[in-house]
Amino acid sequence: MNEQEVKDYYLGESFKLTTEFNLESTERQHRGIDLLAKSSTPIYSLTDGTVTKVFNNDQIGGYGIRVKDKDGISYQYLHMKNFPTLKEGQNVAAGDILGLVGNSGLSQAPHVDIKIMKENRFIDPLHYLKGIE
Ligand SMILES: [Zn+2]
């Protein structure tokens, strides 16, 4: 799977957008998007990059992975089903499986929370997936 195919995958029928990106609201601030999916749906890397953080049952994020690409943009995938098998420092390619959709951390139903950080600012992952600048 190339980068475009992974984007299409997250926009496709396996996932349903339940919480949008919102930095404005003080009560409902959300620095990423929540995509509802069946438990164990594969989570593919959107990009080539290096694993910079593995979340080990974080209170909020649960199990998860952060990948940084060559341009310094970070992609974070949270609430995985299991502790990731990837280790910090490992390289991944677009389309590689990072983990499976789960319900770990602060989560009410199986979903993946995707956050994208560019130059220390969170950007809207939905815009990224849709190719909106
Ligand atoms: Zn979320």
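Our structure's up above, just so we're on the same page.
Description of the structure in this document. Quick caveat, the model's predicted, so the values are computed rather than measured.

**Topic: the overall build of the protein chain**
Across its full length, the protein chain holds two helices and ten strands. Ordering the α and β elements of the protein chain from the N terminus gives α-β-β-β-β-β-β-β-β-β-β-α. Its C-alpha atoms give the protein chain a radius of gyration of 13 Å, near enough to 14 Å, the size a compact globule of 133 residues would have. Seen through its principal axes, the protein chain has C-alpha atoms that stretch 35 × 30 × 30 Å. Residue burial in the protein chain is summarised as follows: out of 133 residues, 33% are buried. For the protein chain, long-range pairs separated by at least 24 residues make up 58% of all intrachain contacts whose partners lie at least 6 apart in sequence.

**Let's talk about the nonpolar core**
Burial of nonpolar side chains together is a common tendency in soluble globular proteins. Counting 25 residues, the largest nonpolar core has Leu-35, Ile-43, Tyr-77, Leu-98, Val-112 and Ile-114 as the members making the most contacts within it. For this core, the secondary structure elements donating two or more residues are strand S2 (33–36), strand S3 (42–44), strand S5 (62–68), strand S6 (74–80), strand S9 (111–118) and helix H2 (125–130). The leading source of residues in this core is S6, at four residues. If we ignore the near neighbours within four places in the chain, the residues touching Leu-35 are Tyr-10, Phe-15, Lys-16, Leu-17, His-111, Val-112 and Ile-114.

**Some details on the pairing of S6**
Counted residue by residue, S6 has six buried out of seven residues, so it is predominantly covered. Of the pairings in the sheet, the one linking S5 to S6 comprises five bridges and is antiparallel in character. Among the inter-strand pairings, Tyr-63 is bridged to a residue of S6, identified as Met-80. Between S5 and S6, which pair antiparallel one after the other, the connecting turn spans five residues, and Gly-72 there sits at a positive phi close to 85 degrees.

**Notes on unusual backbone geometry**
Positive phi outside glycine occurs at Glu-119, with the angle close to 50 degrees. Structurally, the position occupied by Glu-119 is in the loop between S9 and strand S10 (121–123). Assessed through the 8 C-beta atoms surrounding it within 10 Å, Glu-119 is described here as exposed. The residue Asn-120 is not glycine, and still its phi comes out positive at about 65 degrees. Mapped onto the fold, Asn-120 is located in the loop between S9 and S10.

**What to know about the environment of Phe-21**
With respect to the helices, strands and loops of the structure, Phe-21 is situated in the loop between strand S1 (16–19) and S2. Each C-alpha atom, one on Phe-21 and one on Gln-90, is 29 Å from the other, the two residues being 69 residues apart in sequence.

**Some thoughts on the environment of Ile-132**
Within the secondary structure, Ile-132 is located in the segment after H2. We classify Ile-132 as exposed; it has 8 C-beta atoms within 10 Å. Distance from Ile-132 to Phe-21, taken between C-alpha atoms, is 14 Å for residues 111 residues apart in sequence.

Calculation rules
- Residues numbered from 1 in each chain as written.
- Predicted model: local features only at pLDDT ≥ 70, side-chain atom pairs only at ≥ 80, totals over all residues.
- Helix = DSSP H or I, 4+ residues; strand = E, 2+ residues; numbered from the N terminus.
- Rg over C-alpha atoms; globule rule 2.2 N^0.38 Å.
- Buried ≥ 20, exposed ≤ 12 C-beta atoms within 10 Å, placed from the backbone.
- Contact = placed C-beta atoms within 7 Å.
- Core = buried A, V, L, I, M, F, W, Y, C linked by C-beta atoms within 7 Å.
- Pairing = 2+ DSSP bridges.

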